[in-house]
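Structural features, examined
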Amino acid sequence: MTAHPTSPGTSQVGGVPQLDTVELAATTADTEQPYAELGLRPEEYQEIREILGRRPTTAELAMYSVMWSEHCSYKSSRVHFRHFADLPASDALLVGIGENAGVVDVGDGYAVTFKVESHNHPSYVEPYQGAATGVGGIVRDILTMGARPVAVMDSLRFGAADAPDTARVLPGIVAGVGGYGNCLGLPNIGGELLFDDCYLGNPLVNALCVGVMRHGDIRLAKAEGLGNKVVLFGARTGGDGIGGVSVLASETFDAEGPAKRPAVQVGDPFTEKLLIEACLEIFAADLVTGIQDLGGAGLSCATSELASAGTGGMHVDLDTVPLRDSTLTAAEILMSESQERMCAIVEPAKVEEFLAVCRKWDVLATVIGEVTDGDRLTIDWHGERIVDVPPRTVAHGGPLYHRPMTRPADLDGLQADAPPSSSADLRADWLAVVSSPDGADKSWVTEQYDRYVRGNTVLAQPEDAGVLRIDEQTHRGIALSLDGNGRFARLDPYTGAQLNLAEAYRNVAVSGARPLAVTNCMNFGSPENPEVMWQFAEAVRGLADGCRALGLPVTGGNVSLYNQTGDTAINPTPVIGVLGVLDDVRRRVPTGWRADGETVLLLGETGAEFGGSAWASVVHRHLGGLPPALDLPAEQALAGLIGTLATDGTLSSAHDLADGGLAQAVTESALRHGTGARLRLTGDLTAALFAESVARAVVTTTRPDAVRAAAAAAGVPVTELGVTGGDALVVEDVLDLPLAELRAAWSATLPALFGSPEAAVGTVPAGTVPTS
Amino acid sequence: MPRVVVDVVLKPEISDPQGQAVLGALGRLGHPGVTSVRQGKHFVLEVEGTPDAAELRQIAETLLANPVIEDVELHLPSD
Amino acid sequence: MPRVVVDVVLKPEISDPQGQAVLGALGRLGHPGVTSVRQGKHFVLEVEGTPDAAELRQIAETLLANPVIEDVELHLPSD
Amino acid sequence: MRIGVITFPGSLDDVDAARAVRLAGGEAVALWHADDDLSGVDAVVLPGGFSYGDYLRAGAIAARAPLMRSVVDRAHAGLPVLGICNGFQVLCEAGLLPGALTRNGHLHFRNRDQALLVERADTAWTSAYTTGQRIVVPVKNGEGRYVAAPAELDRLEGEGRVVVRYADGNPNGSSRDIAGVTSADGRVVGLMPHPEHAVEDLTGPSVDGLGFFTSVLSSVVTA
Ligand SMILES: Nc1ncnc2c1ncn2[C@@H]1O[C@H](COP(=O)(O)OP(=O)(O)O)[C@@H](O)[C@H]1O
Ligand SMILES: [Mg+2]
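Residues numbered from 1 in each chain as written. Chains lettered and ligands numbered in written order. Predicted model: local features only at pLDDT ≥ 70, side-chain atom pairs only at ≥ 80, totals over all residues. Heavy atoms only, no water.

With that settled, the discussion passes to the overall build of chain D. Within chain D, the regular secondary structure consists of 5 helices and 11 strands. Taken over C-alpha atoms, the radius of gyration comes to 15 Å for chain D, in line with the 17 Å a tight globule of 223 residues would show. Expressed along its principal axes, the backbone C-alpha trace of chain D runs to roughly 40 × 35 × 35 Å. By the burial criterion, 71% of the 223 residues in chain D qualify as buried. In chain D, 74% of the contacts between residues at least 6 apart in sequence involve partners at least 24 apart. Positive and negative side-chain charges in chain D, numbering 19 and 26 respectively, have mean positions lying 4 Å apart. (Helix = DSSP H or I, 4+ residues; strand = E, 2+ residues; numbered from the N terminus. Rg over C-alpha atoms; globule rule 2.2 N^0.38 Å. Buried < 20%, exposed > 50% of the residue type's maximum accessible area, 1.4 Å probe, protein only. Contact = heavy atoms within 4.5 Å. Lys, Arg positive; Asp, Glu negative; His and termini not counted. Charge placed at Lys NZ, Arg CZ, Asp CG, Glu CD.)

Residue and element names in this part refer to chain A. Between helix α2 (residues 42-52) and helix α3 (residues 58-67), the shortest axis-to-axis distance is 11 Å and the interhelical angle comes to 125 degrees. One way to sum up the angle between α2 and α3 is to call them oblique. Relative to α3, the crossing made by α2 is right-handed. For the pair α2 and α3, contact is made by Tyr-45, Ile-48, Ile-51 and Leu-52 and by Glu-60, Leu-61 and Tyr-64, respectively. Grouping the constituent residues of the contact of α2 with α3 by class yields 6 nonpolar, no polar and 1 charged. (Axes fitted to C-alpha atoms, helices over the stretch in contact; angles between N-to-C directions. Parallel < 35°, antiparallel > 145°, perpendicular 65-115°, else oblique. Left-handed = near helix turned anticlockwise from the far one by under 90°. Nonpolar A, V, L, I, M, F, W, Y, C, P; charged D, E, K, R; others polar.)

Moving on, we get to the coordination of the magnesium ion (ligand 2). Residues and elements named next belong to chain A. The magnesium ion (ligand 2) binds to the protein through Asn-100 (OD1), Asp-141 (OD) and Asp-293 (OD), with metal-donor distances spanning 2.0 to 2.6 Å. For the magnesium ion (ligand 2), the single-chain donor residues occur in sequence as N-x40-D-x151-D. In this pair, Asn-100 sits in the loop between β3 (93-95) and β4 (102-107) while Asp-141 sits in helix α7 (residues 127-144), placing the two residues 41 residues apart along the sequence. (Donors = N, O, S within 2.8 Å, 3.2 Å for Na, K, Ca; no water.)

Now for empty space enclosed by the protein. Here the structure, examined in full by the defined rule, presents 12 cavities of 30 Å³ or more. Its boundaries defined by the atoms lining it, the second largest cavity holds a volume of some 390 Å³. As for the second largest cavity, its lining consists of 29 residues, of which Gln-18, Lys-41 and Glu-70 of chain B together with Arg-103 and Glu-143 of chain D are closest to the centre. Taken together, the elements giving at least two residues each to the lining of the second largest cavity come down to β1 (3-10), α1 (17-28) and β2 (34-47) of chain B, β2 (34-47) of chain C together with α3 (86-93) and β5 (100-102) of chain D. Of the residues assigned to the lining of the second largest cavity, the class counts are 10 nonpolar, 10 polar and 9 charged. (1 Å grid on protein atoms, 1.4 Å probe; cavity = no way out; pocket = protein on both sides within 12 Å on 5 of 7 lines; lining within 4 Å. Points joined across faces, edges and corners; volume = space filled by probe spheres on them.)

What follows deals with the site of ligand 1. All names here are of chain A. Taken together, 17 residues lie near ligand 1, and Tyr-74, Glu-99, Asn-100, Glu-117 and Asn-520 sit nearest. Contacts to ligand 1 include Asn-520, whose side-chain N or O atom sits 2.6 Å from a nitrogen atom. Gly-557 is positioned with one of its backbone polar atoms (N or O) 2.8 Å from an oxygen atom of ligand 1. Taken by itself ligand 1 offers 550 Å² of open surface, and the protein chains cover 86% of this. Of all the elements in the fold, those that place two or more residues in the shell around ligand 1 are β5 (110-118), β19 (514-523) and β20 (554-560). Examining the composition of the shell around ligand 1, we find that 5 residues originate from one element, β20, more than from any other. (Near = heavy atom within 4 Å. Polar contact = N/O pair within 3.5 Å; in protein donor to acceptor, adjacent residues only side chain to side chain. Areas by Shrake-Rupley, 256 points an atom, 1.4 Å probe, with all protein chains shown as cover.)

Before going further, it helps to examine the sheet that holds β4 of chain A. Residues and elements named next belong to chain A. Spatially, β3-β4-β5-β8-β6-β7 is the arrangement adopted by the 6 strands of the open sheet, whose pairing is mixed. A strand with exactly one partner marks an edge of an open sheet, and here the two such strands are β3 and β7 (188-195). Geometrically, the sheet is characterised by an average inter-axis angle of 25 degrees between neighbouring strands, direction not taken into account. With 9 bridges joining them, strand β6 (residues 148-158) and strand β8 (residues 204-214) adopt antiparallel strand pairing. Among the inter-strand pairings, Arg-148 is bridged to a residue of β8, identified as Val-212. In the packing of α7 onto the sheet, contacts are made with β5, β6 and β8, and the angle to β8 comes to roughly 25 degrees. (Pairing = 2+ DSSP bridges.)

Across the 14 residues that make up β2 of chain B, a large majority, 10, are buried. When β1 of chain B meets β2 of chain B, the two strands line up antiparallel, connected through 6 bridges. Within β2 of chain B, the position partnered with Val-5 of chain B by the bridge is Val-44 of chain B. Alignment of β2 of chain B against β2 of chain C, held across 13 bridges, turns out to be antiparallel. Within the sheet, the bridge partner assigned to Gln-39 of chain B lies in β2 of chain C and is Phe-43 of chain C.

Turning to the interface of chain D and chain A, a few remarks are in order. Bring the parts together and some accessible area is lost; that lost area is often taken as the interface size. Facing the 34 residues of chain D at the interface are 36 residues of chain A. Interface of chain D and chain A: buried area, both sides summed, is about 3100 Å²; carbon and sulfur atoms make up 53% of it. Counting every contact that joins chain D to chain A gives 5 salt bridges. Between Arg-112 of chain D and Glu-447 of chain A there is a salt bridge whose closest N-O contact spans 3.2 Å. Summed over the shared surface of chain D and chain A, the number is 13 residue pairs in polar contact (both at pLDDT 80 or more). Broken down by class, the residue content of the side of chain D that touches chain A amounts to 11 nonpolar, 11 polar and 12 charged. (Buried area = accessible area lost by both parts, 1.4 Å probe. Salt bridge = Lys/Arg side-chain N within 4 Å of Asp/Glu carboxyl O.)

Glancing now at the state of the cysteines. Considering all chains together, one arrives at 0 disulfides over all chains under this definition. Its sulfur unpaired, Cys-72 of chain A is 5.8 Å from the next cysteine sulfur, which belongs to Cys-301 of chain A. (Disulfide = S-S within 2.5 Å.)

Superposing chain B onto chain C requires a rotation of 180 degrees together with a translation of 0.0 Å along the rotation axis, leaving an RMSD of 0.2 Å. The transformation just described matches what one would write down for a two-fold rotation axis. The position closest to the rotation axis in chain B is occupied by the C-alpha of Lys-41 of chain B, lying 2.2 Å away. Take the interface residues of chain B: 100% of them recur as interface residues in chain C, which is what a same-surface contact looks like. (Least-squares fit on C-alpha atoms with pLDDT ≥ 70 in both.)

Helix length check: α1 of chain B, at 12 residues, gives a terminal C-alpha distance of 16 Å against a target of 16 Å (1.5 Å per residue), a fit within 8%. Restricting attention to buried positions, one finds in α1 of chain B the residues Pro-17, Gln-18, Gly-19, Ala-21, Val-22, Ala-25 and Leu-26 of chain B. On the buried face of α1 of chain B, the contacting elements are β2 of chain B, β2 and α2 (53-64) of chain C together with β8 (145-147) of chain D. Following α1 of chain B by one or two positions, Gly-30 of chain B has its phi on the positive side, about 85 degrees. (Expected span 1.5 Å × (residues − 1).)

Let's shift gears to the nonpolar core. Membership of the largest hydrophobic core comes to 153 residues, with the highest contact counts inside it found for Phe-233 and Phe-354 of chain A, Phe-43 and Leu-64 of chain B together with Leu-46, Trp-125 and Phe-213 of chain D. The residues contacting Leu-46 of chain D, other than those within four sequence positions of it, are Ile-6, Phe-8, Met-68, Val-81, Leu-82, Gly-83, Ile-84, Gly-87, Val-90 and Leu-91 of chain D. Counting 48 residues, the second largest nonpolar core, distinct from the first, contains Leu-38, Ala-297, Ala-331 and Ile-379 of chain A. (Core = buried A, V, L, I, M, F, W, Y, C linked by side-chain atoms within 4.5 Å.)

Taken together, the contact pairs 30 residues of chain B with 30 residues of chain C. Between chain B and chain C, a total of about 2500 Å² is buried, with carbon and sulfur atoms accounting for 61% of that surface. Viewed at the interface, chain C and chain B are joined by 0 salt bridges. In this structure, the connection of chain B to chain C is made through 14 residue pairs in polar contact (both at pLDDT 80 or more). When contributions to the side of chain B that touches chain C are tallied by element, the ones reaching two or more residues are β1, α1, β2 and α2 (53-64) of chain B. The leading source of residues in the side of chain B that touches chain C is β2 of chain B, at 14 residues.

Glancing now at the layout of surface pockets. Taken as a whole, the second largest pocket spans an internal volume of roughly 1400 Å³. Lining the second largest pocket are 48 residues, with Arg-236 and Arg-324 of chain A together with Asp-16, Gln-20 and Leu-23 of chain C sitting closest to its centre. Put simply, the parts of the chain that give the lining of the second largest pocket at least two residues each are α10 (269-284) of chain A, β2 of chain B together with β1 (3-10), α1 (17-28), β2 and β3 (70-75) of chain C. Ranked by residue count, the leading element in the lining of the second largest pocket is α1 of chain C, at 7 residues. Each residue belonging to the lining of the second largest pocket can be placed in one class, and the counts come to 17 nonpolar, 15 polar and 16 charged.

This is how it looks when you write it as structure tokens:
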């Protein structure tokens, strides 16, 4: 084990290393401790001393430092979460914010749990493993709730598509997301891939996992029952990732990347797959009273959270922890973020059966401690007491900051700088938008993901939402969409967050589902910058207000701060996941056009709104003005209308309008199965094709009158656009785009940038090619 | 503890896209002097007691390598 | 043509799921004498002219291996 | 008709294979890799996935599982065995089928809907098709490139051992577009594409894959 800057070793007394025990700490108040190196401020260190009534031991200091890091304690962001907590109660919400993931009732006794989490900084340092372990971590959160994980999604953002560092990180990140999820047998059903200069040097990797269980199967992370055993199971503990996620995610990178370079974790999806099957068998046999995954802050987090959520205390004998490296110190064992580990609370009478299930699945399982009376978390090492703390102070007693906030000085200027509003060449602009890296065909990425495994994927990328069947008899299903738009949030974080929510909501609705609940991942710059903090607070307030208006609960999420290179923060990037339910998945509505002669209708109203649009960005390299006006009642009306039309089978297809406006949407619908259309557009053609006005969808039907009647009843404006058919997209008297030309432009972009998958020779440097 | 090294390489007639990819990258990065790259696997085994050469050869040839496509080089501690 | 061999191995503190899986299989197949397996990559490069040790070291350390998680052993023809 | 589906540690498409067996009208019997006996099943499916993480080589460690000894013995006696993707890799590693599956030529995992030509419609698993029939089923693998020495490939072609071949593009660089092969007696079949993912309109690109599972039901009846 090489010495690590953030790993405190044993203390030196008179030049002789001596184990730092509670006893020793009580008598050596003046020993200097490397709290600053561990990321703690002087007043935080002082507070730990006050809590304990003495200085912390080396091991205690390690625990507090990782648990009080920004990543684990949410010390800058937590005060703003009251907006979510203030949302009105929802009948559908079975478990809310505060657990590993929220749980939602989807009917027929089924419950669904879902959550999105970031792994931005680790993926920058080691793209493949960073992204892979990001997927692994979120899957364990879902498993911990008692659910079988059934699908993943990924939202990815990179710097300019042609930047050298994008070529370094993108292939590895995509391969890592795929490598881990594919090997776990989880279909990838959707996500995002976007490019913007602001993410150069700080790509965003947000992964979502969704799981399904019966209502009665919900598990919680708590240690209860005097004498119950604490069982650590899964991979051995090693020296990888000590202080990794927590420290890495709580720090700004300069141009050279992170100052401290923590050992990176290597994921082992095979072990995680065994862990999943073992856990599900353990749950089915009712062998645990509480369970927690080990993620950021490892054992420090799992033991202190389990103990603080329970009724008693906990004692752990650290010598029993199976190690991969016998030279690890106690503090290192407590801080290690080795992957693929779980911690369970098991009644003594059930321990043997628990261990037998683990043996069946080749999963290493070890009793490392037990639930005690009293209210202390105590840990022994080599026969000495090295930790004796009130667990709540470690898990939840972290500092709470009210960081200063100021509206960005450049915001007025930015909002006043409206983009151009008229296209000089509609045809050229159309091709430019759909062949831009953001608008282009994403199959270079999505073909690296298994979408079929488990046999319940009804819709997956490039559809608007991923749709899964959860019951083969009743055909009950769920829909999920994950969306963000950093440009809108940059121009107005409050409205931008709501626009992101509206887009995810709309995506779920147009697939025929009824939106039910929300998760989110807040990706922002440094909270120490008051302008960033203002953006964050505004986005949280906006998301909460949006959820209130739509009647949706926020079930959980994740905050990733310090996303910036040097002094330059990324665009504020809330990534919002919306979950919906379909009573019958056979009624799902796909985006693609299949048949000739169907009527193409536009639902909703279009204005000349170009602020933050893809068209302004691609064609004019312009970011300014105001984002499109929000209209949540119109979103609800549209969602309700499509829900009705889906149920009675009136729609052949529906596709929401978002980035790139109508041009992007009809391109995707036409190319899905190679069916063109003849359209007639009136009025302002630039707006008609490229504006990003909200609450709109393009649908096709053989019964336009039925759609018109239902739309009139729902108060949704309808415009007839034309008829499907032919091998071109034609806008009468304006332009004619043969599908072959359109497809060539749309599908060539990513292979040209990242290597044609047909070529025998890849572009990935060998160091990033996994050896499997 | 005795260490045994086993290198597994693809038979010459089996194409090696990973080696090809590395070679291509080397060319692009300005190392034209490298004219061929083949990628194989490298195993380091620790063995208790005296390694049994026959047993290790069998492990190398039947488990660590697939004789249909791969060749093996065994390096015993005495080598 | 001179042949250069580069072995890339995981740093000792990095977990090696592949080596673990092989070790597990060896145990089940009746080879308890093997107590540890680590799996790495084995590259065989052919070089035109006299190999330039510094250039090859750079290739090995930056392209063939990921220095965040791997170490490199370079075997030049003279070795 | 009882069709066994083997679960190895890391098998993933075992639930899908069992569903396909049921939809075809058979009874799916779950088999566990560490058991010794095949529970008297009439045929066996080795499903897709990443047994043992595909560490070492895809299928290599699973091929040495206790249950595989029974599979090999019974296959030599004519038991119909189908290996899909990882199952195909296991059958090659176990020596029941010739050749080997290696890292895709483009080095990526590749999932797409793939056109195939059925070249042998007289094996235990393909009698529901007609020779030359074109079907579309998903392909998804990272190590699906079929290789063998050129002379071996010539021999296989000569013996008519290629069961399915990729059409409209080769997804992984397999030699001679080979997607699946059979044993000399036509009872053991392995293929990289996933017929079990093409058995329902709702979830697959087609229902073209169902024929593999209906075929074996009639082959067992007539055997
Ligand atoms: N942006 C957010 N919105 C709502 N809930 C959040 C957000 N960020 C974090 N949370 C919630 O705070 C709790 C702690 O989060 P976290 O420490 O990331 O959990 P874990 O360690 O299990 O991943 C969880 O319940 C999580 O859902
Ligand atoms: Mg958790």
